[in-house]
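Here is how the chains run, residue by residue.
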Amino acid sequence: MSCQNSAPELNMGPKPGPGIPEKIAGLNADKDCGTGLLENHLEVNDFLKIQRAFESLESRKTNCMSREEFMQKMTEIVGWGTQEEYGELFDKVDVDQDGFINWDKLTSFILLSLYEKDEREKATVVPQWKDLEFLEGKHKDTIQKVIFLKSSSRYITISKEGLLGIWGENLKLQETLPITSDATKLKHLWVTSLVSLENANKIAVTFTSKEICFYDLLSEEFPCQYKLQGLKGTPICMDYWYNPLDANESILSLGDTAGKVRAIVFTAALISLFEKPVSTWEDEEATMTINWEELLSGCHRCCHVLEHKLHHGDWVRQVNYNASLDAIISSTTNNTNTVVLAWREKSKKHLKMTSFNIAQGIHAFDYHSRLNLIATAGINNKVCLWNPYVVSKPVGVLWGHSASVIAVQFFAERKQLFSFSMDKILRLWDIHHQLSIQRIACSFPRSQDFTCLFHFDETHGQLFIAFNNQLALLAMKSETSKRVKSHAKPVTCVLYNSLLKQIISSDMGSTVSFWMIDTGQKIKQFTGCHGNAEISTMALDANETRLLTGSTDGTVKIWDFNGYCHHTLNVGQDGAVDISQILILKKTILVTGWDRAITVFRPQKFNQFFIQSEEWKGGIQHYDDILCVAFLPPQTLATGSYDGEIILWHNSTENAHHVLHPCYQRLLKRKSDMEPQKLYSAEQRGSTYPVADQAPLAARTSETDTEGNNAVVRLCFLEARKNIAATGGANLVSCGGSGYVRFWNTLKKQLLAEFLAHSGVGSITMSIDKLNRYLTTGDLDGCLKIWNIEEYCFESNKKKITQTPTLIRSFQPHEDQITSLEMCERDAHLLIISASTDCSICVTGIHGAPVWILGQAKHWHLENCFSVLERDVNLIESESPEESMKVNALYSKEESCLESTEHSLLNTQEKDDSTNIFRPSEDINLGIKYKERNIHKKKARKLYYDEIIQKTASTFRSLSIRALTELPEVNKPAFLLDPEKYFKKEPEEHLRIPELPLLSETLKAVFHEKNLFPKEILDQKRKPKQLCQETTCEVKIKRSKKQL
């Protein structure tokens, strides 16, 4: 089993008043109930009201509020929410416990809460991956390192034999260069590591010749500028860091086979890494050779060395300098001093060491600065999370790998973690919940001896995994689709695990996903369970610890919840077969599908991985393909087929004893009363008939049903109705073709009731809760209906019941065919889980609950969401009895009209089809959309769905509508009886016009144009006048001088 493709609102109306806002109760699929906190449901208008409450109208300065004042004002101003809720909000904002808060503190808290919420949502997003792609390279030996050059947007790979590969951003190999050394021949030379010195435009390569070479990336000839020799041990790992604020400051750290960890601290990296001697100044292209002893003695003033020997001779597998800790982290495979943190002192030239002791050692580690966590890849199959300041024990342990973990790397943006194990299994972990949310099985060549390299380029969303000399790429898909999808492909089956409180779903892409029902979060996912074949059905064992998946490839696989396949059951002996249902009993596993026989497996004989099926003792009794099966303790087994037959079997003897069919029910009593022990022949098709072992199968014929109008898609026994069959009640429910649901009594072999659940949509599916109170049906158009069957068909009737049970709810959560339904109980609330070919899985309740979609960006919280909905249920139940009776009567009348019309059409069609004897099996197709019947369905829906069902769920559903009472006679007002008294015109002499005050009395200041126009305009106008006056004065002066 592999895991590849993974696994987050209505317009808010007016608020109903104090208390919980209406918007919480009306959440839709994309709306997140979250934790039900008050601050999660405040809108922009609410914040504006709160801001105005904090601001004083006179000074417009922000004021502070005490707890009591805040609680009282907010309930009055905002208009909804209780004082207790605003008190809790005040306590969260008042972190300093001053007893007062202001607008700045409140907004800071809200912004921080939103930021944390976004971070949590990012952490729960499971990336979608493209297919694994092998890149064509020229490496002949093990690939040692993969790096990305930001300056040139190119990738560089280097292999053990010294071949350097340069790849373009499109991951096409552009050039290969051999890395050679003068001191050693190539056949004796191994490259051990490679790092990029981004700030200096160089790369550093380490060799088994105990030397480090620095190459210039800016030159086309790729020359070696520096060669550091004389190392005491062979360097096998390196890391490079530079200060983004001061690129001259950088650190090159390395670990060797002698257990030493060294760090070269550069102080002028942009100018020169090492000081060049005077003799090399003229020849700039010459390689400068530096001896390690020179660095230790301090001959090079632009760098100095830090080192420690705490690993005591063990090979240092990885080394890394982290600026946030200001420490050098290194690791070995020894269980003593496994991880060492060398902290730089204030002088920056001395180290202080702390270490972690990890059992059996580790292969690799990674550090997340924002989470302040070190993740270690344990040889003991565990991934441990450590606080760098707590060395006694890890803060978290991630379980799931079944082999030694060889690589770990953080997905920093989403706060997730990758881990890769020796069995070539890649896992993605949610750090917050410490759960594996994705499992990917890498299809590398089978080899016991291999060297693996792991590198994740988070910027480009590309994961590189090198297996010896092969380089594979796993690229993330871009998330462009805005439509909420639970699976990448149509969903085929859904189950509920009550033990783990999880939803299990499968799709056509052979993917199985696991979801938390309380929040809707995906916790893990398996892909490629049956290769590329579709998973058609699933089942859980009695203990709910094993998962069985049936596929179109003709196999059933038994899995544990860690993704390990224990057995493969071979159902299709002669090839692929479409498996429709798996039934797990105490001693047998029964598998049905598009075949006329029941396939049986006996778990007590599961001593091998591949299990072959055994013979069903009852043989083949169906004339058409078996689609479903159900079991009723202690020994009753029922199978339904495409032609509408339901055969009852004795599970212990595996023999059939009766056949049920909706067309034979009327003649059953007449035939059985006359000849109760007779075995009916093919001509006597007017009743149910027992099937004896002596009756030859070829002697029987059946009516043709090429369109599957009577096909039995689902069978459910009503186990909660104890001994109801003996008193004449129904204990078996079937559904399928033509949208009918039928209730049967298996003891008296009688069809008690049938009603049209969905008209004009073809085949339907169904599910019933464990207490047998509610029936849920879904059709090909994505419509869902919930019926109350608690008191339906409890007694035997002479005539078949055609009246429908009480319809509680009808809605359309999906856009396409509903393929699977499941009902479960969680926290005393009954939930309905529906899967569809529109790639979504919906979760909702019985009475008007919101519809949540698995995979939506925002998660929900069932407990808080249902506490809000209980108020609405109480309001519905408080309706007046008269109103509810009127609605039910109107609905029943119109529903019966629809039934009679559909009945007549169906009977006519059956009469026409009864003359046909030929039945082509290749025409079978239950997935037909029946588009030509949608017009009739839409008309029917308009009659009762819009006018009746929606009426009980409207905004004013709690109001009682009664006939209007007659108003008493209204007396005319006095001004109409005596208008002259009220509208009499007074003489003009009594009119006094008030005198207006003088302007001098009301004028507060003398008018001036400066008060009317801006200063700039007045200055602009004044300057030309002034210039004109000056010019005129000058002319006058000149004239006067001339006259003199």
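Everything numeric here is computed off the predicted structure, so don't read it as measured data.

Procedures and definitions
- Residues numbered from 1 in each chain as written.
- Predicted model: local features only at pLDDT ≥ 70, side-chain atom pairs only at ≥ 80, totals over all residues.
- Heavy atoms only, no water.
- Pairing = 2+ DSSP bridges.
- Helix = DSSP H or I, 4+ residues; strand = E, 2+ residues; numbered from the N terminus.
- Axes fitted to C-alpha atoms, helices over the stretch in contact; angles between N-to-C directions.
- Core = buried A, V, L, I, M, F, W, Y, C linked by side-chain atoms within 4.5 Å.
- Buried < 20%, exposed > 50% of the residue type's maximum accessible area, 1.4 Å probe, protein only.
- Contact = heavy atoms within 4.5 Å.
- pLDDT = per-residue confidence, 0-100.
- Parallel < 35°, antiparallel > 145°, perpendicular 65-115°, else oblique.
- Left-handed = near helix turned anticlockwise from the far one by under 90°.

Peer 1: Can you help me understand the sheet that holds strand 53 (residues 774-778) in this one?
Peer 2: Two modes of strand pairing occur in sheets, parallel and antiparallel, and in both the strands are linked by backbone hydrogen bonds. Read across the open sheet, the 4 strands follow the order 52-53-54-55; overall the sheet is antiparallel. The sheet is open, and its two borders are formed by strand 52 (765-768) and strand 55 (806-811), each paired with just one other strand. Here the average twist between neighbouring strands, direction ignored, is 20 degrees. With 4 bridges joining them, strand 52 and strand 53 adopt antiparallel strand pairing. Bridge pairing in strand 53 links I768 to L775.

Peer 1: Even after reading the chapter, I still don't get the nonpolar core, so can you show me in this structure?
Peer 2: Side chains that are nonpolar tend, in soluble globular proteins, to be buried together. Grouped together as the largest cluster of nonpolar side chains are 24 residues, with contacts concentrated most on F214, F274 and L295. With residues near it in sequence (within four places) discarded, F214 still touches L197, I203, A204, P223, C224, Q225, Y226, L228, L252, L273 and F274. C735, F743, A753 and L775 belong to the second-largest nonpolar core, a separate cluster that totals 21 residues.

Peer 1: Teacher, can you tell me more about the confidence of the model for the protein chain here?
Peer 2: Any residue range with low pLDDT should be treated as having predicted coordinates unsuitable for detailed reading. Across the protein chain, the average pLDDT comes to 78, with 75% of residues at 70 or higher. Here residues 1-35 scores under 50 on pLDDT; set against residues more than four positions off or in separate chains, the count is 126 contacts.

Peer 1: I keep staring at the pairing of strand 41 (residues 589-593) and nothing clicks. Help me out?
Peer 2: Each regular strand shows side chains that alternate between the opposite faces of the sheet. Of all 5 residues that make up strand 41, 5 are buried, and the element is covered over most of its length. Both strand 40 (residues 579-584) and strand 41 contribute to a ladder of 5 bridges, which runs antiparallel. The residue bridging Q581 from the neighbouring strand is T592, located in strand 41. Between strand 40 and strand 41, which pair antiparallel in sequence order, lie 4 residues. In the sheet, strand 41 pairs with strand 42 (residues 599-601) via 3 bridges, with the strands oriented antiparallel. Residue pairing in the sheet places V591 in a bridge with T599 of strand 42. From the end of strand 41 to the start of strand 42, which pair antiparallel, there are 5 residues.

Peer 1: What exactly am I supposed to notice about the environment of S478 here?
Peer 2: Relative to the elements of secondary structure, S478 occurs in the loop between strand 31 (470-475) and strand 32 (491-497). Assessed through its relative accessible area of 59%, S478 is described here as exposed. As a C-alpha pair, S478 and K130 span 348 residues in sequence and 9.7 Å in three-dimensional space.

Peer 1: Before we go on, may I ask you to explain the packing of helix 2 (residues 44-54) against helix 3 (residues 67-78) in this structure?
Peer 2: When two helices pack together, you describe them by how their axes are tilted relative to each other and by the distance separating the axes. Close contact between helix 2 and helix 3 brings their axes to 10 Å; oriented N to C, the two are set at 135 degrees. In terms of orientation, helix 2 and helix 3 fall into the oblique class. In the packing of helix 2 onto helix 3, the handedness of the crossing is right-handed. Contact residues: helix 2 offers D46, K49, I50, A53 and F54, while helix 3 offers F70, M74, I77 and V78.

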